[in-house]
Amino acid sequence: MKEKYSAVVLAAGKGTRMGRDTEKQYLMLGKKPLLVHALETFQQCELIHQIILVADQAHVAWCREAVVEPFGLNKVTAVLAGGKERYDSVWNALSYLVSAESRINSSEENGEYVLIHDGARPFVSVPMIERICAEVKTKKACVAGMPVKDTIKLVSAGGVITESPERSMVWQAQTPQAFSLELIVQAFTKQREEGFLGITDDGMIVEKQMKVPVFMTVGSDQNIKITTPEDLVIAEAFLEAFFCKKVVDRCMGS
Ligand code: CTP
Ligand code: MG
């Protein structure tokens, strides 16, 4: 059986918490727009068949002209308009993936998987994508994440700590989150009937709606989501460190 992996890269958010005029995914990070970093990594990963980019309606054409074409992202088979909330954007991409239009060039009927990724996470890596692709084949629903480093407290509206969960059991969810296409479409279809109140990631929808386990896959501490201005400072520092490492590796002949 030949597996087919599609990546959905989300870039239809407004970036409110970044507080800039330009949406955070289009700000420059190093020499390219922030969004391009993740797209290039999915493009480089040989397991990925196609990339669906989801952008704000007003930026769809711009993304084709200023992101997809100049950066040679020829695995991007569609640039779609997103919706008001993140789950609306994901739903648009899932609807496209099950539509006849996306199936014109698809002969494989078996083992279809989708990796949903925040375009605001520039440091997803090829090994991380390979790892989650390998795991989702048998597990059907996998969420990238890392164990937390700090102790986490649950706090009531009045500011009182109500619980201190055992740290070894607390993980921070990241993306990509990978699912069997059929499973995630079913989960979203059910959740839509109920409404999306309190839903903050795609894994949650499968946890709530489907009677299947959702597995944690090791992500990375570098796989941060750029949310506030501080995150941009960290991202620039990571880029510089990667660049220095490349220079050192080259000088050392590795
Ligand atoms: N996203 C999306 N469609 C939406 C909302 C979010 O495609 N309606 C995307 C964002 O572009 C981002 C990812 O989902 O890549 C994670 O969302 P988040 O970090 O919350 O980004 P924003 O919603 O843009 O930021 P904010 O919540 O601060 O406005
Ligand atoms: Mg948001």
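Residues numbered from 1 in each chain as written. Chains lettered and ligands numbered in written order. Predicted model: local features only at pLDDT ≥ 70, side-chain atom pairs only at ≥ 80, totals over all residues. Heavy atoms only, no water.

Draft legend 1. Structural context of the site of ligand 1. Every one of the 18 residues lining ligand 1 counts as a neighbour, but G15, T16, R17, S89 and K225 are closest to it. Within the contact set of ligand 1, a nitrogen atom lies 2.7 Å away from a side-chain nitrogen or oxygen of S89. Within the backbone of G119, an N or O atom sits 3.3 Å from an oxygen atom of ligand 1. Out of a free accessible area of 560 Å², ligand 1 has 88% covered by protein chains. Those elements that provide at least two residues to the shell around ligand 1 are β1 (4-11) and α3 (86-98). (Near = heavy atom within 4 Å. Polar contact = N/O pair within 3.5 Å; in protein donor to acceptor, adjacent residues only side chain to side chain. Areas by Shrake-Rupley, 256 points an atom, 1.4 Å probe, with all protein chains shown as cover. Helix = DSSP H or I, 4+ residues; strand = E, 2+ residues; numbered from the N terminus.)

Draft legend 2. Representation of unusual backbone geometry in the model. With an omega of 10 degrees, the peptide bond between T175 and P176 qualifies as cis. Notably, K140 is not glycine yet its phi reads approximately 70 degrees, a positive angle. Note that K140 resides in the loop between α4 (126-139) and β7 (141-147).

Draft legend 3. Spatial organisation of the environment of I152. Examined against the element boundaries, I152 turns out to sit in the loop between β7 and β8 (154-155). With residues near it in sequence (within four places) discarded, I152 still touches E163, S164, P165 and V170. (Contact = heavy atoms within 4.5 Å.)

Draft legend 4. The arrangement of the pairing of strand β10 (residues 171-180) in detail. Of all 10 residues in β10, seven are buried; the element is thus mostly enclosed. Of the pairings in the sheet, the one linking strand β6 (residues 112-118) to β10 comprises four bridges and is antiparallel in character. Across the sheet, L115 pairs through a bridge with A178, a residue of β10. Bridge analysis of β7 against β10 gives six bridges, and the strand direction is antiparallel. (Buried < 20%, exposed > 50% of the residue type's maximum accessible area, 1.4 Å probe, protein only. Pairing = 2+ DSSP bridges.)

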